[in-house]
Amino acid sequence: MTTSLAFNPKAARLLDAAHDEEILLRQAQGRQVRSIAEFAAVGGSRRSVTEEVALCFSVSRNQAFLLVETSCALVARLPNTLAALEKGDIDLYKASKVSQLTREVSDEVAAQVDAFMAKRLADRDVRAIGRSVSGAVQKFDREGYKERAKKKRARRHISLEHEDETMSTLAGYLPSEVASSIYASMSRAAQARRAQDKSRTLDQHRADVFAERLLAEDGHGKPRAHIHVYVDFLTLAGARDDPATLAGYGPIPEWLVREIASDPGSTWSRLITDPATGQLLEAGADKYRSPASLARFIKARDRECTHPGCHRPAEFSEIDHILAWARNGKTDHHNCHGSCKIHNLLKEEPGWSAAPTGNGGMIITTPTGRTYDATPEPLHDPRPEPEDDIPPF
């Protein structure tokens, strides 16, 4: 016996209303795309435009780059896809899939793909759209597709993206047959382990095999981890439960940092902070700071690239002046900061400037006149000084 649910008119109205709002959102995205494309045409170099959009929208540089690239491509090369967006048939994410898969083809091929996809966009999910676009690119540009595949295989790399609650995603951009072989190998090893150890799921075994193989020296031996963690002494000792900071990630709970600290291979560096502000005062015992110790101090203070929205760990960044040395900028911890190479070069773009505010902080001014405060986060919450005891009358 089967039971069917009765028609629910209220639920139907709510879903219809939500769908209507979705159409309005898509149409608004179409208008936004045109505005961004027009801004890109007059806002300076593509690097400058991307960085300013990232700051204005409070998104990452990669997100801003994708938004600018998609907007320009839709307006200039993909009129049918843009029309579908403005009509509300697709959203910006689906439109970006068409843009991404045609960004390396000629204008002529892009026009062919765009025309081919005109009636293949509405009412389809993003994966189905991507497959159709990929097939069309191969159909209209067979030799170009082959050549681009060779170049992309040469650009294989590993990427790291931090997630919530102490987790991260480590991804490999690899040739498909290599990635498939790696996954199959880990799956076989995980299945063998699962047969002996039911306390962990197959996914957990597979993840553990993955981590062990990558951390082992030369594929063999005991794994070694190399990370930078910032934690106050009282939390480490168990007297307080303030979060610690994992460089490039952010806050991590006290129980995790104690686990990391208990590893016999952990090394320690002493950092002295100002209790009133939480900012770093010293990164070593000596008062005199040589260039090497100054760099060590700045990297410990900043923890990551100081450009808003960039979270590249400071140990992989460059140390440079905020106010240029040629403009009488001093080489000290007030006028030096950590910056990734991309954002260190941004100051060479017309209209960009920065002024130090003290303790490594700075105010960034963009070509459109917007200003952004880039001050390192304190290592701990500021703690007010205790008030003097006032004797009773």
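The protein chain goes by HNH endonuclease in an unreviewed UniProt entry, where it is assigned to Amycolatopsis thailandensis.

1. Quick word on the sheet that holds strand 11 (residues 361-365)
Taken together, the three strands give an open sheet; going across it, the order is 10-11-12, and neighbouring strands pair in antiparallel fashion. Taken across any chain shown, the strands that pair with only one partner, and hence form the sheet edges, are strand 10 (353-358) and strand 12 (371-374). Strand-to-strand twist across the sheet, computed as the mean angle between neighbouring axes with direction ignored, equals 20 degrees. As judged from the five bridges shared by strand 10 and strand 11, these two strands associate in the antiparallel manner. By the bridge assignment for strand 11, S353 is matched with T365.

2. Some remarks on the packing of aromatic side chains
A complete count under the given rule lists one aromatic pair for this structure. Here the aromatic rings of F116 and F140 are separated by 6.1 Å at their centres, their planes lie at 75 degrees, and the arrangement is edge-to-face. Here F116, found in helix 6 (residues 107-117), pairs with F140, found in helix 7 (residues 126-140); they are 24 residues apart in sequence, far enough to count as distant. A residue is classified by how much of its surface remains accessible, and F140, at 26% relative accessible area, is partly exposed. The ring centre of F116 lies 3.8 Å from the NZ or CZ of R120, which sits over that ring.

3. Considering the side chain of R26
Mapped onto the fold, R26 is located in helix 1 (residues 9-42). Within the structure, the side chain of R26 is placed 2.8 Å from the backbone oxygen of G88, a separation counted as a polar contact. With residues up to four places along the chain from it excluded, the contact list for R26 reads L85, G88, D89, I90, D91 and K94.

4. Examining the side chain of E51
You can see E51 is positioned in helix 2 (residues 46-57). Judged by relative accessible area, which is 1%, E51 ranks as buried. Those residues in contact with E51 that sit more than four places away from it in its chain are R61, H307, I342, H343, L346 and W352.

Calculation rules
Residues numbered from 1 in each chain as written. Predicted model: local features only at pLDDT ≥ 70, side-chain atom pairs only at ≥ 80, totals over all residues. Heavy atoms only, no water. Pairing = 2+ DSSP bridges. Helix = DSSP H or I, 4+ residues; strand = E, 2+ residues; numbered from the N terminus. Axes fitted to C-alpha atoms, helices over the stretch in contact; angles between N-to-C directions. Phe/Tyr/Trp six-rings, centres within 6.5 Å; stacked < 30°, edge-to-face > 60°. Buried < 20%, exposed > 50% of the residue type's maximum accessible area, 1.4 Å probe, protein only. Lys NZ or Arg CZ within 6 Å of the ring centre and 35° of its normal. Polar contact = N/O pair within 3.5 Å; in protein donor to acceptor, adjacent residues only side chain to side chain. Contact = heavy atoms within 4.5 Å.

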